[in-house]
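Descriptive structure summary
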Amino acid sequence: MNRTALVLALAVAAAFSWAPLALLFAHVEPRHAFECIDARGLALLGRSALLAGASALLALLVGLPLAWILIRTDVPGARVLRPLCATPLLVPPLLYAIAWT
C-alpha cells in the first residue's frame, strides 16, 4: 500500500473521529470541566472499564484456542466453521442491545 495513501486515510479518520470531541470541549468552560467528575461517575467508569476488560479477556480465552484448532488441526467441518466464527461481526449492535434488554 502506498505510504501517502495510508497517512492520508489515517488523517481523514482522525479528523472525522476527533473533530466532534474537539468542538464539544471548545464549548465547555474550564471551571465547569471537572463538575462532571464525581464519585458516581468514577464508579460507573470503573465498572465500564472492568466489563470491557472482562469481555475482551473472555473473547481472547475463547477465540484464541478456537482459531488455533481451526487453523492448525484437521477438524472435520473446519471449512464451514471458519466463516461461521465471523458471523457475530455481521450482526448490528442494535440487535445485541435489543436482545440484552
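Fair warning: this is a prediction, and the values are worked out from it, not measured in the lab.

What follows covers the overall build of the chain. In terms of helices and strands, the chain carries 4 helices and 0 strands. Across the chain, helices and strands are ordered from the amino to the carboxyl terminus as α-α-α-α. Here the chain has a C-alpha radius of gyration of 21 Å; the compact-globule value for 101 residues is 13 Å, and the former is much larger. Along the first, second and third principal axes, the C-alpha set of the chain runs to 65 × 45 × 25 Å. For the chain, with 101 residues in total, the buried portion stands at 2%. With the model as given, the accessible surface of the chain reaches about 9,300 Å², and the carbon-plus-sulfur share is 76%. Across the chain, 7 positive and 4 negative side-chain charges occur, with their mean positions spaced 16 Å apart.

The next subject is the packing of helix 2 (residues 39-72) against helix 3 (residues 78-85). Packing of helix 2 against helix 3 leaves a shortest axis separation of 10 Å and a crossing angle of 145°. You can see that helix 2 and helix 3 cross each other, and the crossing is left-handed. Within the contact between the two elements, helix 2 uses Leu66, Leu70 and Ile71 and helix 3 uses Ala78, Leu81, Arg82 and Cys85. Split by residue class, the contact of helix 2 with helix 3 holds 6 nonpolar, no polar and 1 charged.

A few words on the environment of Ala56. Its location among the elements puts Ala56 in helix 2. Between the C-alpha atoms of Ala56 and Ala13, which are 43 residues apart in sequence, the distance is 24 Å.

Turning to the confidence of the model for the chain, a few remarks are in order. Model confidence for the chain is summarised by a mean pLDDT of 87, while 98% of its residues fall at 70 or above. In the model of the chain, helix 4 (residues 93-100) stands out as the element of lowest mean pLDDT, 85, in contrast to helix 2, which has the highest, 92.

So, how was this worked out
Here the residue numbers are simple positions, counted from 1 along each chain's written sequence. A pLDDT threshold of at least 70 governs which residues receive local features in this predicted model, and a stricter bar of 80 or more applies before side-chain atom pairs are shown or counted, although totals over entire chains, interfaces and linings include all residues. Calculated side-chain values reflect all of the structure's heavy atoms, with hydrogen atoms and water omitted. Each helix corresponds to a stretch of at least 4 residues labelled H or I by DSSP, and each strand to a stretch of at least 2 residues labelled E; elements are numbered beginning at the N terminus. Values of the radius of gyration come from C-alpha atoms, whereas the globule rule sets the reference at 2.2 Å times the count of residues to the power 0.38. Throughout, exposure labels follow a simple rule: accessible area from a 1.4 Å probe, protein chains only, divided by the maximum for the residue type, with under 20% read as buried, over 50% as exposed, and the rest as partly exposed. Residue burial considers only the protein chains on display, and all accessible areas are found by Shrake-Rupley using a 1.4 Å probe. None of His or the chain ends enter the tally, which takes Lys and Arg as positive and Asp and Glu as negative. Charge positions are represented by NZ for Lys, CZ for Arg, CG for Asp and CD for Glu. For helices, the fitted line uses only the C-alpha atoms of the stretch in contact; every axis is such a line through C-alpha atoms, and the angle between N-to-C directions lies from 0 to 180 degrees. By the definition used in this description, the sense in which the near helix is turned from the far one sets the handedness, with an anticlockwise turn below a right angle giving left-handed and a clockwise turn giving right-handed. Working rule for contacts: check all heavy atoms of both residues, and any pair within 4.5 Å makes them a contact. Polar here means any residue other than Ala, Val, Leu, Ile, Met, Phe, Trp, Tyr, Cys and Pro, which are nonpolar, and Asp, Glu, Lys and Arg, which are charged; Gly is therefore polar. Confidence scores per residue from the predictor, reported as pLDDT, run from 0 to 100.

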